[in-house]
Amino acid sequence: MSAVSSEQAFKSEEQVVPVKPEFAKSAWIDEAKYKEMYQQSIINPDGFWREHGQRIDWMTPYTKVKNTSFDDHNVDIRWFEDGTLNASSNCLDRHLETRGNQTAIIWEGDEPDQDRTVTYKELHREVCKFANALKSQGVRKGDVVTIYMPMVVESVVAMLACARIGAIHAVVFGGFSPEALAGRILDCDSKLIITADEGVRGGKTVPLKANVDEALTHPDIRSVERVIVFERTGNKAVAWHTHRDVRWDDLMKTASEHCPAEEMNAEDPLFILYTSGSTGKPKGVVHSTGGYLVYASMTHEYVFDYKDNEVYWCTADIGWITGHSYLVYGPLANGAISLMCEGVPNYPDSTRVSQIVDKHQVNILYTAPTAIRALMAEGDAPVAGTDRSSLRLLGTVGEPINPEAWNWYYQTIGEERCPIVDTWWQTETGGIMITPLPGATDLKPGSATRPFFGVNTALVDNSGNLIDGAADGNLVIIDSWPAQSRTVYGDHHRFIQTYFKTFKGMYCTGDGARRDEDGYYWITGRVDDVLNVSGHRMGTAEIESAMVAHKEVAEAAVVGFPHDVKGQGIYVYVTLNQGAEASEELRMELKKWVRKTIGPIASPDVIQWAPGLPKTRSGKIMRRILRKIAAAEYDGLGDTSTLADPSVVDDLIEEHKGIS
Ligand code: 6R9
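Rules and cut-offs
- Sequence order as written defines residue numbering, which begins from 1 separately in each chain.
- Reporting of local features is limited, given that this is a predicted model, to residues whose pLDDT is at least 70; pairs of side-chain atoms are given and counted only at 80 or more, and all residues count toward the totals for whole chains, interfaces and linings.
- In computing side-chain values, all of the structure's heavy atoms are included and hydrogens and water are not.
- Helix numbering and strand numbering both begin at the N terminus, where a helix is a DSSP run of H or I of at least 4 residues and a strand a DSSP run of E of at least 2.
- Between the two quantities, the radius of gyration covers C-alpha atoms and the globule rule is 2.2 Å times the number of residues to the power 0.38.
- Buried, partly exposed and exposed residues are distinguished by accessible area as a fraction of the type maximum, computed with a 1.4 Å probe on protein chains only: under 20%, between the cut-offs, and over 50%, respectively.
- The criterion used for residue contact is that any of the two residues' heavy atoms lie within 4.5 Å.
- Using a 1.4 Å probe, the Shrake-Rupley method yields the accessible areas, and only the shown protein chains count as cover for residues.
- Residues counted as positive are Lys and Arg, residues counted as negative are Asp and Glu, and His and the chain ends are not counted.
- The atom standing in for a charge is NZ when the residue is Lys, CZ when it is Arg, CG when it is Asp and CD when it is Glu.
- Strand pairing is assigned whenever DSSP identifies at least 2 bridges connecting the two strands.
- Interaxial angles span 0 to 180 degrees and are taken between N-to-C directions of axes, which are lines fitted to C-alpha atoms, for helices over the stretch in contact.
- Here, proximity means that at least one heavy atom of the residue falls within 4 Å of the molecule or strand.
- Within 3.5 Å is the distance limit for a polar contact, defined as a pair of N or O atoms, with the added protein rule that one can donate a hydrogen and the other accept it, and that residues adjacent in sequence qualify only through two side-chain atoms.
- Classes in brief: Ala, Val, Leu, Ile, Met, Phe, Trp, Tyr, Cys and Pro nonpolar; Asp, Glu, Lys and Arg charged; the others, Gly included, polar.
- In the sections that follow, a salt bridge refers to a side-chain nitrogen of Lys or Arg positioned within 4 Å of a carboxyl oxygen of Asp or Glu.

Student: Quick rundown of the overall build of the chain? Include the residues and the values.
Tutor: If you tally the helices and strands in the chain, you get 21 helices and 31 strands. Computed over C-alpha atoms, the radius of gyration of the chain comes to 24 Å, within 12% of the 26 Å expected from 2.2 N^0.38 for 660 residues, which places it in the range of a compact globule. Structurally, the chain occupies a C-alpha span of about 75 × 65 × 60 Å along its principal axes. The buried share among the 660 residues of the chain stands at 62%. Within the chain, contacts between residues at least 6 apart in sequence are counted, and of these 72% link residues at least 24 apart. Carbon and sulfur atoms make up 49% of the accessible area of the chain, which totals about 24,700 Å². Within the chain, the 91 negative side-chain charges are centred at a point lying 4 Å from the centre of the 66 positive side-chain charges.

Student: Could you give me a rundown of the pairing of strand β8 (residues 192-196), with the residues and numbers involved?
Tutor: Of all five residues in β8, five are buried; the element is thus mostly enclosed. Across the two faces of β8 the burial is the same, with L192, I194 and A196 and I193 and T195 all buried. Relative to β8, strand β6 (residues 144-148) is paired through four bridges, and the arrangement is parallel. Within β8, the residue paired with V145 across the bridge is L192. In the sheet, β8 pairs with strand β11 (residues 226-230) via five bridges, with the strands oriented parallel. Bridging across to β11, I193 finds its partner in V227.

Student: Give me the sheet that holds strand β24 (residues 487-488): which residues, what numbers.
Tutor: Taking strand neighbours across the sheet as the criterion, the eight strands line up as β12-β11-β8-β6-β7-β14-β15-β24 in an open arrangement whose pairing is mixed. Edge positions in the open sheet fall to β12 (245-247) and β24, since each of these has one partner strand only. Taken together, the two bridges between strand β7 (residues 168-171) and strand β14 (residues 269-275) define a ladder with parallel strand orientation. Within β14, the residue paired with H169 across the bridge is F271. Taken strand by strand, helix α13 (residues 321-333) contacts β7, β14 and β15 (283-288), and its axis lies near 145° from that of β14.

Student: Tell me about the site of the ligand, residues and numbers included.
Tutor: Around the ligand, a shell composed of 17 residues is seen, among which D422, T423, T427, D511 and R537 lie nearest. In this structure, a nitrogen atom belonging to the ligand sits 2.7 Å away from a side-chain N or O atom of D422. R537 places a side-chain nitrogen or oxygen 2.7 Å from an oxygen atom of the ligand. The set of elements that each furnish at least two residues to the shell around the ligand consists of α13, β20 (420-423) and β26 (521-526). For the shell around the ligand, a count of residues per class yields six nonpolar, six polar and five charged.

Student: Lay out the pattern of salt bridges with the relevant residues and their values.
Tutor: Counted by the stated rule, this structure contains 42 salt bridges. A salt bridge links K359 to D115, with the shortest nitrogen-to-oxygen separation between them at 2.9 Å. Residue K359 is located in helix α14 (residues 352-360), and its partner D115 is located in strand β5 (residues 115-119); the two are separated by 244 residues in the primary sequence. Residue E555 is joined to K615 by a salt bridge in which the shortest nitrogen-to-oxygen separation is 2.9 Å. With E555 in strand β29 (residues 553-563) and K615 in the loop between β31 (606-609) and α20 (623-630), this residue pair connects regions lying 60 residues apart in the sequence. Look at K615 and you get partly exposed, because its relative accessible area is 23%. Here the residues in one salt-bridge network are E108, D115, R352 and K359, joined through shared partners.

Next up, the structure:
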């Protein structure tokens, strides 16, 4: 389901915003160059990446480039497999001579009067010290370290310090609940957790350390030996376990500034990042060191047309892939100035984003449609009294952007001066896959446009047959690209099942898309049971299993519905146990229950009581019907005659009318 109705998409297809000639003149890539390089990248991927792999520093240069197989019996993906390198030295050491005193990170706090800048030299020193601190706590090459941190510079230090000594980081978004955190710690067996006493966001504190403590009461977690705690707020009430907890500052006081970077193979894992799928527990997506870094840095430079000394701001949290690739690894590998903001776009008020742009003279802004829509709801207020003339380029990611939001972003924030790159990609793809290049691609609001270099996109029908020309279909990728995820942590079988079995020999994205006459892609949203709420991926199965774990709930079915700000909202149909009373109190309690089990991002928007759910005679819930009812599209429910009891549909419609 997509927030963009087909009518909007149709209208917007007529709107074309051509490349601005003055932009194309100074851009890295113009249309002729795009065509030539794209051709070359698809016809001869080995030659193309042999050349572009050299954009980063290798300790041992690779002689082999591409060695990949999508054969569903034996999926095996290797890039630059005999090369060695270190990701942290690519993000730090190699810049010291040329730009050691240049800012690497501008940190903007939750409150407007708090900020900090860190140069490459300073960041290098911090990372080396913390890498030694990790070693002193017994962390070794290949160990997994869980990072559960707020948006502070130390989170980046922690990630790069892991990379420096060859430990694999697994960042867990600070908005996840203790239970969700525990599940992830268990899955990757991490020895050590890095956290903060509390996080600060939008004027509120987040009890990170207390959440870690609670997570670690899980009876099956035995791997964790240490918890390193960074002091963000200094709240003295935070509990302390002397046998296990260590202060960040105490470790840093004595740590040496010298820490040689570990020599890693290109295929050694750099990190694990958990993401939701359509079934079961979240998957630990594993990314490599070499291919990932080449691709993250190349996309960052070309998609954002990044030039030296520009201030680049990606608003994503480091707990998501966008934070990994486009706040940390891509920009820092390119020696960029990366702005990191602790807060939210509308705190203290809706001018915050524009204020930050002016304050730090931001040139490139990369954010999510949900943030744009939230600001758009305030009209012109978000730009009141601000200038924003430093902005040169805008970007979006995370979900389809509806043309209204696109146009508001373009006109109100960018004053029709800045191209917008609508970037489609996934946790599993590691980097941007379908996107305009701002000096090459004419824009169409709502379309992610064309594939990046080396990305061989295609559409297939439900039987896996390739479809040519202008058409609708399932979006697949035919051949490997360097930043592709290599496996699901500890479960290669699941990796193959999830991505390579649906359409044999191709990577299945799980997204539907339409390709128009110009070859532009329009992502229509997930075709599986994954929701996209405010740009966050969530499995319906995950929310359903949280629901049924409540003692009053017999059955639950979760669907998405169009939501003005979030793109999709969470709609839950609940069948209660015999004797339970369908009260307002219980509704509130169930919402709280899901927040507690998974985290605030999974909080249901609507809970509808459902004495019965529409099921086929074989017992399968017909989600298609539930989606229609949730969207108040009562006509066009399709054929309901196959239902075991068609009358439940009328009851659900009546109940829905009562709610809305
Ligand atoms: C980077 C990221 C991936 C899913 C993806 C798709 C949706 C992301 C999009 C987009 C339309 C865009 N998505 N970018 N849909 N246009 N520009 O978001 O990764 O959290 O794994 O989500 O998000 O449905 O499959 P992730």
